[in-house]
Amino acid sequence: MDSVPALDEPLKKVLGGNTAKVMADHLDLHTIGDLLHHYPRRYAERGELTRLSDLPLDEHVTVVAQVADARVHKFDRGTKQRLEVILTDGSGRLQLVFFGRGVYGAQKELLPGRRGMFAGKVGVFRNVRQLAHPAYEMLGKEDSAAAVEAWANQLRPLYPACAQLESWKIEKAVGTLLDSLEATGWDGLVDPLPESLRLDRGLAELPEALLKIHRPRTKTDIAAARDRLKWDEAFVLQVALARRRHADAQLPAVPRAPAEGGLLDAFDARLPFTLTDGQRSVSREIFADLATDHPMHRLLQGEVGSGKTMVALRAMLGVVDSGGQAAMLAPTEVLAQQHHRSITEMMGDLAEGGMLGGSEQGTKVVLLTGSMGAAARRQALLDLVTGEAGIVVGTHALIEDKVQFHDLGLVVVDEQHRFGVEQRDALRSKGKQPPHLLVMTATPIPRTVAMTVFGDLETSVLDQLPAGRSPIASHVVPAKDKPHFLARAWERVREEVAAGHQGYVVCPRIGDEMGEEIGDGGAEPKGAARKSAASPAKSPAKSSAKSSAKSPEDEAEKRPPLAVLDVAEQLAKGPLRELRVEVLHGRMQPEAKDEVMRRFAAGEVDVLVATTVIEVGVNVPNATAMVIMDADRFGVSQLHQLRGRVGRGSAAGLCLLVSEMPEGSPARARLGAVAATLDGFELSRIDLEQRREGDVLGQAQSGARSSLRVLAVIDDEEVIAAAREEAASIVAADPELAGYPELRTALDAFLDEEREEYLDKG
C-alpha cells in the first residue's frame, strides 16, 4: 500500500473486503482507526530459551529442537484426532500435542528431521512433560542464533477475537497497518494530547505508544504504552464533559433564592430534629447554585437513610419561596406515593396552601401518576398550570405533553439510574427557561465512576446518618448447609414482632402464572416447580436433581427463584402463622399497593412479603427485621439498598441473607462482603470490580463506556482526576478549542451522534 488513508477510512481499503466484513460484523471494527485502537487484551510470554533437560513445570518456555516423531491418533470412536509430536535437542525429549483444527496445519509442517522454535507453558500428562498447542516457527539453515534468541523472548499479543477471525490473523492485519503507517510517517494520525501536557506528564508520543502496545519488546514497553493511551481516553472524555458543563453555565436560568421569613423558614422552625452537619453543608452548596443565573446541575448521592429527601425538600421549598414550582420525578408509583406521603407529613399544614385549615405561608403538594382517576388527574393538572401547586411528585406521567407548569424552577430526579436521559430531558424542557436540576441516588458511586458517568454534574455526598438511626446487623443464612439456621431466622422475625416491631421478607419474583422478571421483572417458565421457604428440606433443588454429578451451585442456580406468593402462603401457614402476613409486588393495582403500604406503615401488618418494589424510598421506622430469600440472586448494591429499609428508627436493624449456594462459591463470597460492611461506597467498589464497568455505567452511558479500551474506571482514579483538572483548565481558557485543532478533531471522532446526544441531554 503506497499511502495510508485517513483513520476514518473503511478497513477494506487496507485489508480487503472479506476480512473487513468479518471485523465489522463480529468485532465492531469498521475503520482504520478502530483497528489501530483494538488493543491486545494480554500477551503470551514465550519465556527464555531453555534446554529440554531443564524444563520447569507451569512456566512459559521457548525451546529449539528437532522433530523426532509425529503421529496422528484417533479417539472418541474415531470421530476426533490429536497430533502427538516428539522433540529432542540432545539433552532430553518433549512431547507436543495438538487437537481439532490445529492438527492439520501442524501435521504439514512438523515433519521428522525439521528444526524449529516452540513456545508454550510446560504441563505434564501421564508423567510426560508436554506443551499443548504451542506457538512455533520452523527454522532454516540460514537462521542465526541471534534470530532464535529474539524470537524466544518476544511478547506475543493476544487480541479480543472471534470464531471467524483468530487472534493471530488480527495480529497480522494490525502488523500490515502499522507497517503502512510507519512508512508514511504516521500520516493522518491525530494526537489529542497537547504537547505541553504530554511533556509535563512524561508520556510517550502517540506513534511510539501504539507501536509498543501492539509490538512490545518488554513488559516496560507495555506499561509505557498503557500509561499514554489511558490518558488519551480519560482526557478526551473529560474535555467533552468539561465543554458540556461550560455550555450549561452559559444557559440562562431564573435565580431562585428563598424569601426571608417565607415557606422554608417556616418549615425549618417546625423541624423536630437538628439537621446533620452533612445536610447543612450540602444544602449550602445547593442554595448557592440555585441563586445563580444559570441552571444548577448537581448530583446528590448518599447512603441509604442519610437524609437526601430532606435536603431535596428544603431545596424545593426554597424555589417555591422564590415564586417557582418544583417537580420530583420518581421511578415507581410506590416510591412516588411514598415521597408524596412523607413530604406532606413533614410539611403538615404547610402542604395545604389555599385549602381550608392550611397555612397562609403554605403551598399545595400534588401527586401525579399514570393510574390516578380522571377527576383527581384533572385537578392536579389544573393546580400545576395555574401555579396553585408549588410542589408535584410523580412518575413518568409528569413527562406527558399535556402536563404544563406555571413556572417550573427545579427538577429533582430520584434514583437517576432508573431513568433514561430522554425522560429527564423531557421534564426539564417544561420550564420557560431551563430549570435547575438536582439528581439523587442512594446507590453510592465510587468517585471515578461519578467523574466518568456524571462528569457533567457537580457532586455532593451525604455520608453521615442522622441522629437516631440505628446500626444494622447482617448475617448470611446457609439454608441448605444448615437448615436449622433458617428455622432460627423465622424465630428471630417472631421475636422482633413480639417486641412490637415489624419485618420484611424479600423474594426475587412474584409467583403467579404469568412470565415475570426478578424483582418484578425476567421471564420464568410456566409451571416451574415451587419450593418451600419454611423448610429447605422440601426444596426441589434436592428432590429433582437429574444427576448426582451436578454441583450444589448448579442445582441452586437452576431451580426457579423463590416467589412472593408462594413464600407468603408457606409462612402464613407455617413458621409465621400467628402473625399478620401480607404481600406487595409491582403487578398489584396501585390502590391496593398504596393501601398495603399505608397499613404496614400504620403497624396493622406484622410482616410484608415483597419483591424489590420496596428497594428505595420506603420508610417505616418500626420495621427492624428483613429476610432476603435467594439473596445470591441480587446484586451487591441492590442488597445494600434493600437492607437500608430496616434500622430506620431507634431500634437496631437485622438483615438475614438466605442462600442455598455452597460455602466457597463466588455467590457466597459476595454475600459475605455485604454482611461484613455497611459502607455503601466500599460495596459499590466491590460490585464494580466483580461486574466490571459495562454493567455499572449502564445503557445510558454506553457511548462513554464503548470508547474505553485501556482505561479501567475503577482502577485509574489518579489518571481520571488529573485528566478532569487538565480538561477543565483548557476549556475554561478556550471553550471552542480554537488553539487545539487536533484535540477538536479527536473530540469530533469521539462524539459520534449517539454520545453527543447523551451529553447534550445529560
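In this text the structure is predicted, and so the values were computed from the model without any measurement. (Residues numbered from 1 in each chain as written. Predicted model: local features only at pLDDT ≥ 70, side-chain atom pairs only at ≥ 80, totals over all residues. Heavy atoms only, no water.)

### Comments concerning the overall build of the protein
Alright, step 1. From N to C terminus, the protein includes 28 helices and 21 strands.
Alright, step 2. Within the protein, the fraction of its 762 residues that count as buried is 53%. (Helix = DSSP H or I, 4+ residues; strand = E, 2+ residues; numbered from the N terminus. Buried < 20%, exposed > 50% of the residue type's maximum accessible area, 1.4 Å probe, protein only.)

### Topic: the confidence of the model for the protein
Alright, step 1. Of all residues in the protein, 83% have pLDDT values of 70 or greater, and the mean over the chain is 82.
Alright, step 2. pLDDT under 50 marks residues 513–531. Its contacts with residues more than four places away, or in other chains, come to 46 contacts.
Alright, step 3. Note that residues 692–706 has pLDDT below 50 and, in this model, 23 contacts with residues that lie over four places away or in other chains. (pLDDT = per-residue confidence, 0-100. Contact = heavy atoms within 4.5 Å.)

### Considering helix H14 (residues 374–386)
Each α-helix winds once per 3.6 residues, and so residues spaced three or four apart point in a common direction.
Alright, step 1. End to end, H14 covers 18 Å across 13 residues, agreeing with the expected 18 Å (1.5 Å per residue, within 8%).
Alright, step 2. Among the residues of H14, Arg-377, Ala-380, Leu-381, Asp-383 and Leu-384 are the ones counted as buried. Viewed along the axis of H14, the buried residues span an arc of 160°, placing them on a single side of the element. Opposite the buried face of H14, at more than 90 degrees from it, the exposed residues are Ala-374, Ala-375 and Arg-378.
Alright, step 3. Close packing links the buried residues of H14 with strand S10 (325–329), strand S11 (364–368) and strand S12 (389–394).
Alright, step 4. Immediately downstream of H14, the backbone of Gly-387 shows phi near 90°, a positive value. (Expected span 1.5 Å × (residues − 1). Arc of directions from axis to C-beta.)

### What about the environment of Glu-171?
Alright, step 1. Locating Glu-171 in the fold gives a position in helix H6 (residues 167–183).
Alright, step 2. Note: C-alpha distance between Glu-171 and Leu-158 (13 residues apart in sequence) is 7.8 Å.
Alright, step 3. When neighbours within four sequence positions are excluded, Glu-171 is seen to be in contact with Arg-156, Pro-157 and Tyr-159.

### Thoughts on the packing of helix H9 (residues 219–250) against helix H26 (residues 717–733)
Alright, step 1. Closest axis-to-axis distance for the H9/H26 pair is 8 Å, and the angle between their directions is 45°. The pairing of H9 with H26 is recorded here as oblique in orientation. In this structure, the crossing between H9 and H26 has a hand that is right-handed. Residue-level contacts link Lys-230, Trp-231, Ala-234, Phe-235, Gln-238, Val-239, Ala-242, Arg-243, Arg-245 and His-246 of H9 to Val-719, Ile-720, Ala-722, Ala-723, Arg-724, Glu-726, Ala-727, Ala-728, Ile-730 and Val-731 of H26.
Alright, step 2. Its residues assigned to classes, the contact of H9 with H26 comprises 13 nonpolar, two polar and five charged. (Axes fitted to C-alpha atoms, helices over the stretch in contact; angles between N-to-C directions. Parallel < 35°, antiparallel > 145°, perpendicular 65-115°, else oblique. Left-handed = near helix turned anticlockwise from the far one by under 90°. Nonpolar A, V, L, I, M, F, W, Y, C, P; charged D, E, K, R; others polar.)

### Let's talk about the sheet that holds strand S19 (residues 607–610)
Alright, step 1. Spatial ordering of the open sheet is given by S16-S21-S20-S17-S19-S18, a layout of six strands whose pairing is parallel. Looking at the sheet topology across the chains shown, the edges are occupied by strand S16 (472–478) and strand S18 (581–584). Adjacent strand axes in the sheet meet at a mean angle of 20° when their direction is disregarded.
Alright, step 2. Both S18 and S19 contribute to a ladder of four bridges, which runs parallel. Across the sheet, residue Glu-582 finds its bridge partner in S19, namely Leu-608.
Alright, step 3. The sheet contacts of helix H23 (residues 666–676) involve S16 and strand S21 (653–659), and relative to S16 the element is tilted by about 160°. (Pairing = 2+ DSSP bridges.)

### Considerations on the environment of Pro-561
Alright, step 1. In this structure, Pro-561 sits in the loop between helix H19 (552–558) and helix H20 (564–573).
Alright, step 2. Remark: the alpha-carbon pair of Pro-561 and Asp-630, spanning 69 residues in sequence, is separated by 6.8 Å.

### Some remarks on the sheet that holds strand S15 (residues 458–462)
Note: strands within a sheet are paired through backbone hydrogen bonds, in either parallel or antiparallel orientation.
Alright, step 1. Here seven strands make up an open sheet; going across it, the order is S11-S12-S10-S13-S14-S9-S15 and the pairing parallel. Each edge of the sheet is formed by a strand with only one pairing partner; in this case those strands are S11 and S15. Taken over all neighbouring pairs, the strand axes of this sheet differ in orientation by 20° on average, direction set aside.
Alright, step 2. Note that strand S13 (residues 408–414) and strand S14 (residues 436–441) share five bridges and pair parallel. Each residue of the ladder has a partner; that of Val-413, found in S14, is Val-439.
Alright, step 3. Packed onto the sheet, helix H11 (residues 277–290) meets strand S9 (297–302), S13, S14 and S15 and runs at close to 160° relative to S15.

### Observations concerning the pattern of salt bridges
Alright, step 1. Evaluation of the coordinates by the stated rule reveals 38 salt bridges.
Alright, step 2. The salt bridge involving Asp-221 is made with Lys-212; its shortest N-O contact spans 3.9 Å.
Alright, step 3. Measuring nitrogen to oxygen at the nearest pair gives 3.5 Å for the salt bridge that ties Arg-298 to Glu-285. In this pair, Arg-298 is assigned in strand S9 and Glu-285 in helix H11, connecting sequence segments 13 residues apart. (Salt bridge = Lys/Arg side-chain N within 4 Å of Asp/Glu carboxyl O.)

### Digging into the packing of helix H10 (residues 263–270) against helix H12 (residues 308–321)
Alright, step 1. One can describe the packing of H10 onto H12 by two numbers: an axis separation of 8 Å at closest approach and a directional angle of 145°. For the pair H10 and H12, the contacting residues are Leu-263, Leu-264, Phe-267 and Asp-268 in the first and Met-310, Leu-313, Arg-314, Leu-317, Gly-318, Val-320 and Asp-321 in the second.
Alright, step 2. Residue composition of the contact of H10 with H12, by class: seven nonpolar, one polar and three charged.

### Quick look at the packing of aromatic side chains
Alright, step 1. Tallied over the full model, the rule gives four aromatic pairs.
Alright, step 2. Summarising the aromatic geometry, the rings of Phe-75 and Phe-99 are spaced 6.2 Å apart at their centres and angled 85° between planes, so their arrangement reads as edge-to-face. Placement of the pair is Phe-75 in strand S2 (residues 60–75) and Phe-99 in strand S4 (residues 93–99), with a sequence separation of 24 residues.
Alright, step 3. With a relative accessible area of 28%, Phe-75 lands in the partly exposed category.
Alright, step 4. The class for Phe-99 is partly exposed, based on a relative accessible area of 37%.
Alright, step 5. Here a set of aromatic residues connected by ring pairs shows up, and it is made of Phe-98, Phe-118 and Tyr-136. (Phe/Tyr/Trp six-rings, centres within 6.5 Å; stacked < 30°, edge-to-face > 60°.)

### Considering the side chain of His-501
Alright, step 1. Tracing the chain through its elements places His-501 in the loop between helix H17 (483–498) and strand S17 (502–506).
Alright, step 2. Engagement of the side chain of His-501 in a polar contact is seen with the side chain of Asn-622, the distance being 3.1 Å.
Alright, step 3. Apart from the residues within four sequence positions on either side, His-501 is in contact with Glu-496, Asn-622, Thr-624 and Ala-651. (Polar contact = N/O pair within 3.5 Å; in protein donor to acceptor, adjacent residues only side chain to side chain.)

### Comments concerning unusual backbone geometry
Alright, step 1. Even without a glycine there, the phi angle at Asp-28 is positive, about 60°.
Alright, step 2. Secondary-structure assignment places Asp-28 in the loop between helix H2 (17–27) and helix H3 (32–36).
Alright, step 3. For Asp-28, a relative accessible area of 55% puts it in the exposed group.
Alright, step 4. For Asn-127, which is not a glycine, the phi torsion comes out positive at approximately 65°.
Alright, step 5. Mapped onto the elements, Asn-127 comes out in the loop between strand S5 (115–125) and strand S6 (128–132).
Alright, step 6. Asn-127 gets classed as exposed once you look at its relative accessible area, which sits at 79%.

### Considering the nonpolar core
Alright, step 1. With 39 residues, the main nonpolar core has Met-316, Met-347, Ile-391, Leu-410 and Leu-438 as its most contacted residues.
Alright, step 2. The leading source of residues in this core is H12, at nine residues.
Alright, step 3. Sequence-distant contacts of Met-347, defined by excluding residues within four places in its chain, comprise Phe-267, Arg-270, Leu-313, Leu-317, Thr-363, Val-365 and Ile-391. (Core = buried A, V, L, I, M, F, W, Y, C linked by side-chain atoms within 4.5 Å.)

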